[in-house]
Amino acid sequence: MQLKMLIVLALSFFILSANAAKNKDSLYIITNQNLHGTIIDEKSGLPLQGATIAIPDLRIGAISDSLGRYVIKNIPKGIYLIQISYEGYATYTQKVDFSKTNLLNVKLKASVLENSDVVVTGVSKATEIKRDPVPMVAVSKAYINQRAASGNVIDEIANLPGISAVTTGPNISKPFIHGLGYNRVVTSVDGIRQEGQQWGDEHGIEVDQNSIDRIEIIKGPASLSFGSDAIGGVVNLITASPVADGKIAGSFTGNYGTNNGLINGSFKLQGNHNGLVWGTVISDKEAKNYQNNHDGRVYATNFKERDARAMIGLNKSWGYSYLNASLFDDDQAIPDGSRDSATRKFTAQITDADTVRDIVPESVLNSYKIPALHQHVQLYRIYDNSNIHIGNGNLIFNLGYQYSHRREYTHPQNTNIPGLNLELTTLTYDVKYDFDLGKSYEATIGVNGMYQSNSIGKDATDFPIPAYHQFDIGSFAIVKKSFGKLDLSGGIRYDHRSFAGKAAYIDSSNDYFSSLYTGANPATAPNIYKQFDALSKAFSGVTGSLGGTYNFSNAFLVKVNVARGFRAPNIAELSANGPDPGSQIYHVGDPNFKPEFNTQIDAGFFLTLPNISASIELYNNRLSNYIFQQQLLNADGTAQRVNPDGSANPNGLYSKFTYVQTKARINGGDFDVDIHPLSWLHFENNLTLTYGTNLGKGSSVPDSLKYLPFIPPLHSHSELRASFAKGFGDIRNLYAFAGFDHFNAQDRFFAAYGTETYTAGYNLLSAGIGGNIVNKKGNKILELYIEGTNLANKNYQSNMSRLKYFDNADVPNGIQPGIFNMGRNISFKVVVPFGFSTRNSYLKMIN
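Residues numbered from 1 in each chain as written. Predicted model: local features only at pLDDT ≥ 70, side-chain atom pairs only at ≥ 80, totals over all residues. Heavy atoms only, no water.

Asks: Can you help me understand the pairing of strand 5 (residues 79-85) in this one?
Replies: Burial analysis of strand 5 places five of its seven residues in the buried class, the great majority of the element. Bridge count for strand 2 (residues 52-55) against strand 5 is three bridges, and the pairing is antiparallel. When the bridges of strand 5 are listed, Ala54 appears paired with Gln83. Here strand 5 pairs with strand 6 (residues 92-97) via six bridges, running antiparallel. What sits directly across from Tyr80, in strand 6, is Val96. (Buried < 20%, exposed > 50% of the residue type's maximum accessible area, 1.4 Å probe, protein only. Helix = DSSP H or I, 4+ residues; strand = E, 2+ residues; numbered from the N terminus. Pairing = 2+ DSSP bridges.)

Next comes the structure, spelled out in structure tokens:
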């Protein structure tokens with residue numbers, strides 16, 4: 001391993017040194033470059049106020065004024081992609097050499113079709129999606145705002161083609177991309193990977209949805225740029241870029257949901273003075289238990305979340321550096337689905353012995369108060385994003401510190417003692433150099449990884465995983481070349497991950513719950529047993545990607561990409577041996593697991609005509625050593641249930657699951673057709689197919705084992721949308737839509753050992769309306785977004801909802817077991833923006 005790593009590092013830094021030497025005379029030369037110009041309508045010649053001018057690589061930009069004028073200051077020397085967008089117009093993108101020009105006047109053309117977006121995730125430089133061979137999708141702040149009924153940041157994207165989410169109620173969602181999730185999808189914030197016990201089922205992504213301005217998603221193996229765990233893809237959550245120089249801007253946001261009484265409030269403020277940039281977002285969100293016609297209000301699905309973030313940084317002619325800090329603090333009730341056998345009303349555990357339960361009164365079901373049995377999830381994050389112009393390229397640093405504290409309070413008679421108490425500290429590093437090799441070659445070399453330390457809190461009584469240390473390192477090189485209509489991109493990477501798990505002993509002298517033993521001589525002490533053996537493991541792998549995009553014309557293009565991914569087993573898969581209260585599962589791992597590898601082939605076909613756009617994206621993903629959980633059964637075929645210490649008990653609180661490995665294949669496609677019969681009318685349609693097959697280990701696979709778990713069914717989405725960018729009078733960007741979602745029955749499920757069951761198909765109706773109110777100067781003074789989901793109040797269960805399996809061990813005949821999804825919900829979101837300029841005139845800005 002050390003030799004391979006040294007070879008890749010030596011090669012990478014040799015290229016870096018050679019490039020720096022070639023440009024030694026200009027290695028530290030910095031120019032103070034500005035860009036200014038005017039944005040007008042191509043047909044009328046009138047100025048466009050409010051157009052967004054952005055340089056994505058540098059995270060700087062401007063908004064055009066009432067005369068269409070803009071200015072961007074302190075641009076480093078180099079060639080960067082400029083993106084200019086305005087509602088109702090074709091997006092303008094152009095590479096600009098800032099050593100040769102400081103003026104860019106643009107005429108925007110009115111367009112009824114959405115245009116290819118620009119992404120920064122997983123690429124050497126900002127790239128148009130239509131020119132990047134890797135399958136990707138991106139959504140803007142406008143898209144996020146219009147999904148007002150989404151309870152969290154992952155739900156906001158869960159309806160995109162190829163994207164889904166495993167949920168545990170309205171505030172807990174984990175992203176899945178083409179049938180892969182958990183530790184197979186990396187979620188990052190501004191490129192800093194999110195680390196918070198992703199193997200766990202019962203908590204979501206620890207990010208304030210109000211702080212996110214844009215989301216970019218890689219739909220396939222992204223190990224090349226992100227290392228282990230990106231075998232299925234990446235969800236990059238991007239916060240707002242700094243405001244233009246000389247501006248202070250902010251907003252107040254309020255959101256109310258009728259189903260569970262969701263109250264979501266947020267305050268945002270940003271400023272920029274001569275390149276000194278700063279910003280803050282403070283949010284508070286809470287909700288009661290959600291409801292549906294089948295279950296009534298679902299006990300223990302309420303939550304209270306508090307969030308804060310702050311940023312300070314510099315935008316100068318040498319580049320930028322932003323220091324960010326954030327806090328996520330969530331109190332989340334823990335549902336278990338238990339009910340009174342006669343009335344089917346929800347019940348609550350009231351004693352540690354749990355011999356009898358009380359029916360939950362209506363006053364509690366309809367309350368915002370978090371019950372005594374709940375989880376408390378906190379994540380503190382400090383990170384720095386820096387981009388410094390050096391030589392013929394840019395040196396990029398993404399350095400982060402995260403502290404995740406996860407507690408689950410599961411003892412009704414000892415409410416201050418957490419059952420689960422895990423503390424995870426993570427240091428992440430990502431250092432890379434992007435540079436031009438000349439002749440249209442762009443290259444990136446770098447190294448990234450992380451160090452983790454997980455500890456068990458001293459008050460813990462449940463122990464699903466041991467304390468451990470983990471270290472990741474990976475080095476990579478990526479090259480991109482354009483040959484006119486053909487864009488090629490490829491790269492190679494080497495990863496190494498090491499684990500060191502600690503042995504742990506448990507004191508079982510308490511009648512109802514155990515504790516961590518820290519005394520001497522555990523082998524001879526009474527009532528002491530070993531929970532975990534010491535563990536030392538190392539995994540490594542080579543990954544890569546190669547693909548191309550060919551633009552036959554402005555109307556038609558084809559993409560092909562082949563990528564190999566790598567994922568080391570996580571600590572739960574290797575050494576779990578204990579209960580996880582929130583998931584109601586007793587996990588059992590296997591220290592002999594091998595790392596997962598996959599090879600995915602993607603092919604995409606994209607057509608854009610004046611009044612119609614269409615795309616077909618196909619993929620075939622073969623995985624070796626694929627790890628998944630299956631439930632254990634007794635000899636009579638009933639599910640094994642155990643006590644917190646793992647001892648068998650037919651009425652035990654926990655179902656026992658073990659991890660296994662196999663070969664697998666996931667294939668399918670995403671299909672999209674967008675028709676514009678009129679300039680203001682859109683008829684959007686997409687369909688997602690995902691098939692997951694267990695290929696076994698060489699022998700034939702029984703029918704009950706032939707499908708993989710958590711594979712979403714066929715899903716189609718149709719939406720009729722009216723959009724009026726210019727609006728009527730003082731109302732701008734007016735829109736209204738009606739949506740129809742169809743989910744097929746999922747009869748291709750992992751039936752063995754009772755792990756999954758058949759899920760009936762269902763249809764959902766949605767609708768929304770919104771727009772902006774502007775003042776006489778054309779500035780927004782209010783934004784309104786209204787969205788209704790499940791408008792027909794359909795009773796349904798999603799196969800991606802874990803609550804589908806939460807119920808009593810014995811359910812009466814004729815009763816559909818499990819908890820149903822949320823009923824009708826109408827959300828009202830209001831944004832009140834404000835801001836002012838600290839500069840007196842446009843002329844002052846360009847001088």
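Continuing now.
Asks: Just checking my understanding: could you explain the pattern of salt bridges for this structure?
Replies: Any two side chains of opposite charge can pair, given that their charged atoms come close. In this structure the tally under the stated criterion is 34 salt bridges. With its nearest N and O atoms 3.1 Å apart, the salt bridge here joins Lys530 to Asp533. Given the relative accessible area of 51%, Asp533 is considered exposed. If you follow the salt bridges from partner to partner, you end up with Arg193, Glu195, Asp229, Asp472 and Arg497 in one network. (Salt bridge = Lys/Arg side-chain N within 4 Å of Asp/Glu carboxyl O.)

Asks: How should the sheet that holds strand 15 (residues 212-218) be read in this particular structure?
Replies: Strand pairing in a sheet is mediated by backbone hydrogen bonds. Such pairs are either parallel or antiparallel. Across the sheet, which stays open at both edges, the five strands sit in the order 10-15-16-13-14 with mixed pairing between neighbours. Where the open sheet ends on each side, the last strands, each with one partner, are strand 10 (136-139) and strand 14 (192-193). When strand 13 (residues 185-189) meets strand 16 (residues 233-239), the two strands line up parallel, connected through five bridges. Along strand 16, the bridge assignment pairs Thr187 with Val235.

Asks: Sorry, what's going on with the side chain of Asp807 here?
Replies: Among the structural elements, Asp807 can be located in the loop between strand 47 (780-789) and strand 48 (825-837). A polar contact of 2.9 Å, which involves the side chain of Asp807, links it to the side chain of Arg344. Of note is the side chain of Asp807, whose polar atom sits 2.8 Å from the backbone nitrogen of Gly818. Ignoring sequence-local partners within four residues, the contact set of Asp807 consists of Asp336, Gly337, Arg339, Arg344, Pro817 and Gly818. (Polar contact = N/O pair within 3.5 Å; in protein donor to acceptor, adjacent residues only side chain to side chain. Contact = heavy atoms within 4.5 Å.)

Asks: What is the right way to look at the environment of Asn159 in this model?
Replies: By secondary structure assignment, the location of Asn159 is in the loop between helix 2 (141-146) and strand 11 (163-167). A relative accessible area of 27% means that Asn159 is categorised as partly exposed. Put simply, Asn159 and His717 are 558 residues apart on the chain and 8.0 Å apart in space, counted from C-alpha to C-alpha. Setting aside anything within four residues of it in sequence, one finds Asn159 in contact with His715, His717 and Asp741.

Asks: So what exactly am I meant to see when it comes to the environment of Leu689 here?
Replies: Relative to the elements of secondary structure, Leu689 occurs in strand 43 (residues 681-696). Placed 65 residues apart in sequence, Leu689 and Ser624 show a C-alpha to C-alpha distance of 22 Å.

Asks: Is there a simple way to explain the sheet that holds strand 33 (residues 515-517) in this structure?
Replies: One open sheet accounts for three strands, arranged 33-32-34; its pairing is antiparallel. Edge strands, defined here as strands with exactly one partner in the open sheet, are strand 33 and strand 34 (528-532). Looking at each pair of strands side by side, their axes are set apart by 50° on average, direction ignored. (Axes fitted to C-alpha atoms, helices over the stretch in contact; angles between N-to-C directions.)

Asks: Even after reading the chapter, I still don't get the environment of Phe328, so can you show me in this structure?
Replies: Relative to the helices and strands, Phe328 is located in strand 23 (residues 319-333). Spatially, the C-alpha atom of Phe328 lies 4.8 Å from that of Asp307, the residues being 21 residues apart in sequence. Those residues in contact with Phe328 that sit more than four places away from it in its chain are Ile205, Glu206, Val207, Asp208, Glu305, Arg306, Asp307, Val377, Gln378 and Leu379.

Asks: Any chance you could explain the packing of aromatic side chains here in plain terms?
Replies: For any pair of aromatic rings, the description consists of the separation of the ring centres together with the inter-plane angle of the planes. For the coordinates displayed, the defined rule picks out 24 aromatic pairs. Between Tyr468 and Phe499, the aromatic rings sit 6.1 Å apart at their centres with planes inclined by 65°, giving edge-to-face as the arrangement. Taken together, the positions of Tyr468 in strand 30 (residues 468-483) and Phe499 in strand 31 (residues 486-501) put the pair 31 residues apart, joining distant regions of the chain. Ring geometry for Phe499 and Phe539: centres 6.4 Å apart, planes at 80°, overall edge-to-face. In this pair, Phe499 is assigned in strand 31 and Phe539 in strand 35 (residues 535-551), connecting sequence segments 40 residues apart. (Phe/Tyr/Trp six-rings, centres within 6.5 Å; stacked < 30°, edge-to-face > 60°.)

Asks: Where do I start with a nonpolar patch on the surface in this structure?
Replies: Together, Leu276, Trp278, Ile312, Leu314, Leu323, Ile382, Tyr401, Leu427, Tyr451 and Phe471 make up an exposed nonpolar region whose accessible area comes to about 850 Å². When contributions to the nonpolar patch are tallied by element, the ones reaching two or more residues are strand 19 (276-287) and strand 22 (303-316). Relative to the elements of secondary structure, Tyr451 occurs in strand 29 (residues 441-456). (Patch = residues over 30% accessible without salt bridge, like charges linked within 9 Å, V, L, I, M, F, W, Y side chains within 5 Å. Areas by Shrake-Rupley, 256 points an atom, 1.4 Å probe, with all protein chains shown as cover.)

Asks: Mind showing me how you'd approach the confidence of the model for the protein here?
Replies: Low pLDDT means the predicted atomic positions in that stretch should not be read closely. Considering every residue of the protein, the mean pLDDT works out to 89; 94% of them sit at 70 or more. No element of the protein has a lower mean pLDDT than helix 1 (residues 2-22), which averages 43, and none a higher one than strand 20 (residues 291-292), which averages 98. Scored below 50 in pLDDT, residues 5-31 shows 32 contacts in the model against residues more than four places distant or in partner chains. Within the model, pLDDT remains below 50 along residues 841-847, and this stretch shows 14 contacts once partners closer than five positions in the same chain are excluded. (pLDDT = per-residue confidence, 0-100.)

Asks: Teacher, can you tell me more about unusual backbone geometry here?
Replies: Negative phi is the rule for most residues except glycine; trans is the rule for most peptide bonds. In this structure, His178 is a non-glycine residue whose phi angle is positive, near 50°. Note on His178: relative accessible area 5%, which makes it buried. For Asp229, which is not glycine, the phi torsion reads 90° and is therefore positive. Mapping Asp229 onto the fold places it in the loop between helix 3 (223-226) and strand 16.

Asks: Help me out: how do you make sense of the nonpolar core in this one?
Replies: For soluble globular proteins, nonpolar side chains are generally found buried alongside one another. In this structure, Ile39, Ile55 and Ile82 are the most contacted members of the largest nonpolar core, which totals 26 residues. Elements with a minimum of two residues in this core: strand 1 (33-41), strand 2, strand 3 (60-63), strand 4 (69-75), strand 5, strand 7 (106-108) and strand 23. Setting aside anything within four residues of it in sequence, one finds Ile39 in contact with Pro47, Leu48, Ala51, Ile53, Ser64, Gly68, Tyr70, Ile84, Val106 and Leu108. Listed in part, the 25 residues of the second largest apolar core include Leu420, Leu535, Phe597 and Ile627. (Core = buried A, V, L, I, M, F, W, Y, C linked by side-chain atoms within 4.5 Å.)

Asks: In this structure, what is going on with the pairing of strand 27 (residues 393-409)? I would like to understand it.
Replies: Both faces of the sheet carry side chains from a regular strand, because those side chains alternate between them. Burial analysis of strand 27 places 13 of its 17 residues in the buried class, the great majority of the element. Note that strand 26 (residues 374-390) and strand 27 share 17 bridges and pair antiparallel. Bridge pairing in strand 27 places Ser386 opposite Phe397. The turn linking strand 26 back onto strand 27 is made up of two residues, and Gly391 within it adopts a positive phi angle of 60°. Here strand 27 runs beside strand 28 (residues 420-438); their pairing, made up of 16 bridges, is antiparallel. Bridge assignment links Glu408 to a residue of strand 28, and that residue is Leu420.

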